[in-house]
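Chain by chain, the residues:
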Amino acid sequence: MALFTPSFSFKISASSSPRRCRFVNSPRSFTPRAAVAVETPSFSSADRDGAPKLLLEVKDLSAVIVESKQPILKGVNLTVNEGEVHAVMGKNGSGKSTFAKVLVGHPDYEITGGSITYKGQDLLEMEPEERALAGLFMSFQSPVEIPGVSNIDFLNMAYNARRRKLGLPELGPIEFYGYVAPKLEIVNMKIDFLNRNVNEGFSGGERKRNEILQLAVLGAELAILDEIDSGLDVDALRDVAKAVNGLLTPNNSVLMITHYLRLLEFIKPTYIHIMENGRIVKTGDISIAEILEREGYKAISGT
């Protein structure tokens, strides 16, 4: 994993052997005291000039598990333009989550063929943390706890790392609070969440909201959301979906993995892709998910 949630920072060696993750605990503590007005983001899926701009292009991507060499991805092809929302669906074991992890550079997987181009760059030549700083973000199915690291310190460090990459000055605690406080209302979180340790003691819904808060703070160009609807009740799902919709602009995109039509009713996809046996076998619109809901995968199986 990379700084892509941005929960962790991995480095991948030339031999593709996984390393342990490391994080830095900031010694600062900060207690927010002031209320800040809510910043309302805009939503648009159209490019400013009417012509879509390529953000991500995956060609014939193949990958295996590092330890077992078991093939998981077997020739994935996908194109994502700016301002688009793509949903990937498929049975358990079809390769959906592996695809997401490969995009962000998870060390458990080894690329055996194909290419990934992100914003005109060869993504496979970039370390996981470089991918994160370049604007890739991944939200996990089950976000982990990070004891001893407060949300505000964690977010401030991640945000400043991205600002350094962009050649911008870092924000101190007071300035950063002024930036992050309005984001809390986007995801329906209270101010005290900032002083709590990352995901420690959080409910499932709070963890998913916290992931989207990280996305809101970092302003990633490509958000990869791995089953953000998992374990959420209707109200929590509505809050999370509303936040994601509010963060969409003509210049960023979402790639989300899901099993259920209900998420797609809240976050409207531009395209839906069906994954089977390590490949994308069918692409279409929301009608594909509606067929799946009624008839199951046998109705659209590629085999």
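Everything quoted here is computed from the prediction, not taken from an experiment.

Basis of the calculations
Residues numbered from 1 in each chain as written. Predicted model: local features only at pLDDT ≥ 70, side-chain atom pairs only at ≥ 80, totals over all residues. Heavy atoms only, no water. Axes fitted to C-alpha atoms, helices over the stretch in contact; angles between N-to-C directions. Helix = DSSP H or I, 4+ residues; strand = E, 2+ residues; numbered from the N terminus. Parallel < 35°, antiparallel > 145°, perpendicular 65-115°, else oblique. Left-handed = near helix turned anticlockwise from the far one by under 90°. Contact = heavy atoms within 4.5 Å. Salt bridge = Lys/Arg side-chain N within 4 Å of Asp/Glu carboxyl O. Buried < 20%, exposed > 50% of the residue type's maximum accessible area, 1.4 Å probe, protein only. Phe/Tyr/Trp six-rings, centres within 6.5 Å; stacked < 30°, edge-to-face > 60°. Lys NZ or Arg CZ within 6 Å of the ring centre and 35° of its normal.

Observations regarding the packing of helix α4 (residues 173-186) against helix α5 (residues 204-218)
Part 1: Direction vectors running N to C along α4 and α5 enclose 130°, while the axes themselves pass 10 Å from each other. As judged from the angle between their axes, α4 and α5 are oblique. As for how α4 packs across α5, the hand of that crossing is right-handed. Within the contact between the two elements, α4 uses F176, Y179, V180, K183 and L184 and α5 uses L213, A216 and V217.

As for the pattern of salt bridges
Part 1: Here the structure, examined in full by the defined rule, presents 10 salt bridges.
Part 2: The shortest N-O distance in the salt bridge between R164 and E170 comes to 2.8 Å.
Part 3: Exposure remark for R164: the relative accessible area of 47% places this residue in the partly exposed category.
Part 4: When its relative accessible area of 43% is taken as the criterion, E170 is described as partly exposed.
Part 5: Across the pair R196 and E206 runs a salt bridge whose closest N-O atoms are separated by 4.0 Å. Linking R196 in the loop between α4 and β8 (197-198) with E206 in helix α5, this pair joins segments that are 10 residues apart in sequence.

Details of the packing of aromatic side chains
We describe a pair of aromatic rings using the distance from one ring centre to the other and the angle between the two ring planes.
Part 1: Across all of its chains, the model carries 4 aromatic pairs by this definition.
Part 2: Both rings, one in Y159 and one in F176, keep their centres 5.7 Å apart while their planes meet at 45°; by these two values the pair is tilted. Residue Y159 is found in helix α3 (residues 151-165), and its partner F176 is found in helix α4; the two are separated by 17 residues along the sequence. Residue Y159 shares its accessibility class with F176, and that shared class is buried.
Part 3: On the numbers, 4.5 Å between centres and 25° between planes, the contact of Y159 with Y179 is stacked. Of this pair, Y159 sits in helix α3 while Y179 sits in helix α4, and the two are 20 residues apart along the sequence.
Part 4: With a relative accessible area of 10%, Y159 lands in the buried category.
Part 5: Put simply, the rings of Y159, F176 and Y179 pair up and form one aromatic cluster.
Part 6: Above the ring of F193, the side-chain terminus of R196 is found at 5.0 Å from the ring centroid.

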